[in-house]
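Residue-level structural notes
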Amino acid sequence: MPASRNSPEEQEGVRVKSALIQLSPEFGKVSDNLQHALGLMRTVKSQLYVLPELFNTGYTFGDRSELLRTAEDAQRGPTYEAMLEFARQRNAYVVYGFAEREGAHFYNAANTVGPQGLIGTYRKMHLFGREKLFFTPGGNPAPVYNLPIGRIGVMICFDWYFPETARSLALRGAQLIAHPANLVLPHCPNAMMVRSLENRVFSLTCDRVGIERNGDVMHRFIGTSQAIGPRGEILVRMDPELPEARVLDLNLELADNKQLGPFNDLFEDRRPELYDEFPLKHMVAV
Ligand code: ACM
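Residues numbered from 1 in each chain as written. Predicted model: local features only at pLDDT ≥ 70, side-chain atom pairs only at ≥ 80, totals over all residues. Heavy atoms only, no water.

**Description of the confidence of the model for the protein chain**
Just so we agree on the cut-off: Each residue carries a pLDDT score, the predictor's confidence in it, ranging from 0 to 100. In this analysis, two residues are considered to be in contact whenever any of their non-hydrogen atoms come within 4.5 Å of each other.
With 92% of its residues at a pLDDT of at least 70, the protein chain reaches an overall mean of 94. Predicted confidence is poor over residues 1-6, with pLDDT under 50, and the contacts of this stretch with residues over four places away or in other chains come to seven contacts.

Pasting the structure below:
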């Protein structure tokens, strides 16, 4: 299909090479998963690499001993060291999901690493399903990092179901939302088109593929990693079953324009005073 006149491909401006790395991790095999991820990352040249949620451990934890064996300190351990080395060699930024251990707590977390070291760690605030058995929910807002390549926001998988997450990232200036995921529900890819549209931001949802079993528990992951533009357009949508690496050239400045025609501005027209804590007398009695 030819690109539409206003598509990001046709716009002038500084481009940021952004890669989606869709993986197929094997549960508990941290070292193998790390090597496979690095192998795929090396096949593409990019300034930003986004990897799936829990890319190095797999997803289907059965008990805490499996986390004790595989979780890592945010800034120490083989996964962090390898990603830092990669970021330095490539002069690039990497956003990756991993199981973080801090003291007696485990977090479903995402690190953003650059040539200068760790930029920050985000701990998933909306835990999905059985994640609640093993992980502590994060207690801090999803972050926006002001990087030389652009303003990058980070959220993790099920955060998509809570539109406040993407909205708060956009209100704090994110031009692109990096979204490591392990998708099991089918709605996320289309929902993220709306998250991008309603916030005028790019989003890179980076998922895994495959089926994972642990005892009686089974998850089937839908792949379909995707890049969405600030008008809600699909820039790339990947295979539902195969690991793959894809790179896009994105003009992130397009996300700074929140104007919808001459009369509307997506952010200035908001009416937060009417959205919550409104007086009870305005509630409709039934
Ligand atoms: C999910 O949040 N991994 C479904």
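That shown, we press on.
**Notes on the nonpolar core**
To keep it simple, the criterion reads: Among the buried residues, those of types Ala, Val, Leu, Ile, Met, Phe, Trp, Tyr and Cys that are joined through side-chain atoms within 4.5 Å form a nonpolar core. Think of it in three bands: with a 1.4 Å probe and only protein chains considered, a residue is buried below 20% of the maximum accessible area for its type, exposed above 50%, and partly exposed in between.
Core analysis: the biggest nonpolar cluster contains 45 residues, and L20, L48, I152, L176, F202, L204 and L250 have the highest contact counts within it. Residues F86, V94, Y96 and A245 belong to the second largest nonpolar core, which totals 27 residues.

**Quick notes on the sheet that holds strand 3 (residues 93-102)**
For the record, the criterion: DSSP-based pairing: two strands are paired if at least 2 bridges between them are found. In this text, helices come from DSSP runs of H or I with a minimum length of four residues, and strands from runs of E with a minimum of two, each type numbered from the N-terminal end. Lines fitted to the C-alpha atoms define the axes, with helices restricted to the stretch that makes contact. Angles between their N-to-C directions range from 0 to 180 degrees.
Here we have six strands laid out as an open sheet, ordered 5-4-3-2-1-14, and mixed in their pairing. At either end of the open sheet lies a strand with only one pairing partner, and these are strand 5 (117-123) and strand 14 (244-250). Neighbour-to-neighbour, the strand axes of this sheet turn through a mean angle of 30°, independent of strand direction. Sheet strands touched by helix 1 (residues 30-41): strand 1 (16-22), strand 2 (48-50), strand 3 and strand 14. Its angle to strand 1, the strand with the most contacts, is close to 140°. Seen against the sheet, helix 3 (residues 78-90) touches strand 2, strand 3, strand 4 (105-114) and strand 5 and runs at an angle of roughly 15° to strand 4.

**Overview of the pairing of strand 8 (residues 176-180)**
How we decide: When the strands point away from the viewer, a crossover counts as right-handed if the route from the first strand across the helix to the second turns clockwise.
Among the five residues in strand 8, five count as buried, and that is most of the element. Pairing geometry for strand 7 (residues 150-154) and strand 8, over three bridges, is parallel. Bridge pairing links G153 to I177 in strand 8. As a crossover connection, the stretch from strand 7 through helix 5 (residues 163-171) into strand 8 is right-handed.

**Examining the packing of helix 1 against helix 3**
Applicable threshold: Note on terminology: angles under 35 degrees are roughly parallel, angles over 145 are roughly antiparallel, angles of 65 to 115 are roughly perpendicular, and the others are oblique. Left-handed describes a crossing whose near helix is turned anticlockwise from the far helix by less than a right angle; the clockwise case is right-handed. Each residue gets one label: Ala, Val, Leu, Ile, Met, Phe, Trp, Tyr, Cys and Pro are nonpolar, Asp, Glu, Lys and Arg are charged, and the others, such as Gly, are polar.
Remark: helix 1 packs on helix 3, axes separated minimally by 11 Å, with the N-to-C direction vectors making an angle of 15°. Classified by the interaxial angle, the pair formed by helix 1 and helix 3 is roughly parallel. Both helix 1 and helix 3 take part in a crossing whose hand is right-handed. Residues V30, L34, L38 and M41 of helix 1 form the contact with helix 3, whose participating residues are P78, T79, A82, M83, F86 and R90. Of the residues belonging to the contact of helix 1 with helix 3, the class tally is eight nonpolar, one polar and one charged.

**Quick word on the packing of helix 5 against helix 6 (residues 188-199)**
Axis separation between helix 5 and helix 6 bottoms out at 10 Å; the angle between their running directions is 35°. Our pair here, helix 5 against helix 6, has a crossing hand that is right-handed. Packed against helix 5, whose contacting residues are P163, A166, R167 and A170, the element helix 6 presents R195, E198 and N199 at the interface. Counted by class, the contact of helix 5 with helix 6 contains three nonpolar, one polar and three charged residues.

**Focus: the side chain of E100**
The condition that has to hold: Whenever a nitrogen or oxygen atom comes within 3.5 Å of another N or O atom, the pair is scored as a polar contact, on the condition that within protein one atom can donate a hydrogen and the other can accept it, and that pairs from neighbouring residues in sequence are kept only if both atoms are in side chains.
Within the secondary structure, E100 is located in strand 3. A polar contact is formed between the side chain of E100 and the side chain of R123, at a distance of 2.8 Å. Leaving out residues up to four positions away in the same chain, E100 has contacts with A71, E72, A74, H105, F106, Y107, A109, T121 and R123.

**Quick notes on the pattern of salt bridges**
Where charged atoms of side chains with opposite charge meet at close range, the side chains can pair. Where we set the bar: By definition, a salt bridge exists where a carboxyl oxygen of Asp or Glu is found within 4 Å of a side-chain nitrogen of Lys or Arg.
If you walk through the whole model with that rule in mind, you get twelve salt bridges. Across the pair E26 and K29 runs a salt bridge whose closest N-O atoms are separated by 3.3 Å. When its relative accessible area of 45% is taken as the criterion, E26 is described as partly exposed. In this structure, the salt-bridge partner of E273 is R271, at a minimum N-O distance of 2.9 Å. The class for E273 is partly exposed, based on a relative accessible area of 48%. Counted as one network, the salt bridges with shared partners bring together E53, K124 and E131.

**A short note on the packing of aromatic side chains**
What counts, and what does not: Within 6.5 Å between ring centres, the rings of Phe, Tyr and Trp (the latter by its six-membered ring) count as paired, and their orientation is classed by plane angle as stacked under 30 degrees, edge-to-face over 60, tilted in between. Look at NZ for Lys and CZ for Arg. If either is within 6 Å of the ring centre and within 35 degrees of the ring normal, a charge sits over the ring.
Under the criterion given, the structure shown has eleven aromatic pairs. Arranged with centres 6.5 Å apart and planes meeting at 55°, the rings of Y161 and F162 form a pair that is tilted. Linked through ring pairs, F128, F158, W160, Y161 and F162 together constitute an aromatic cluster. A cation sits over an aromatic face here: R123 above Y107, 3.7 Å from the ring centre.

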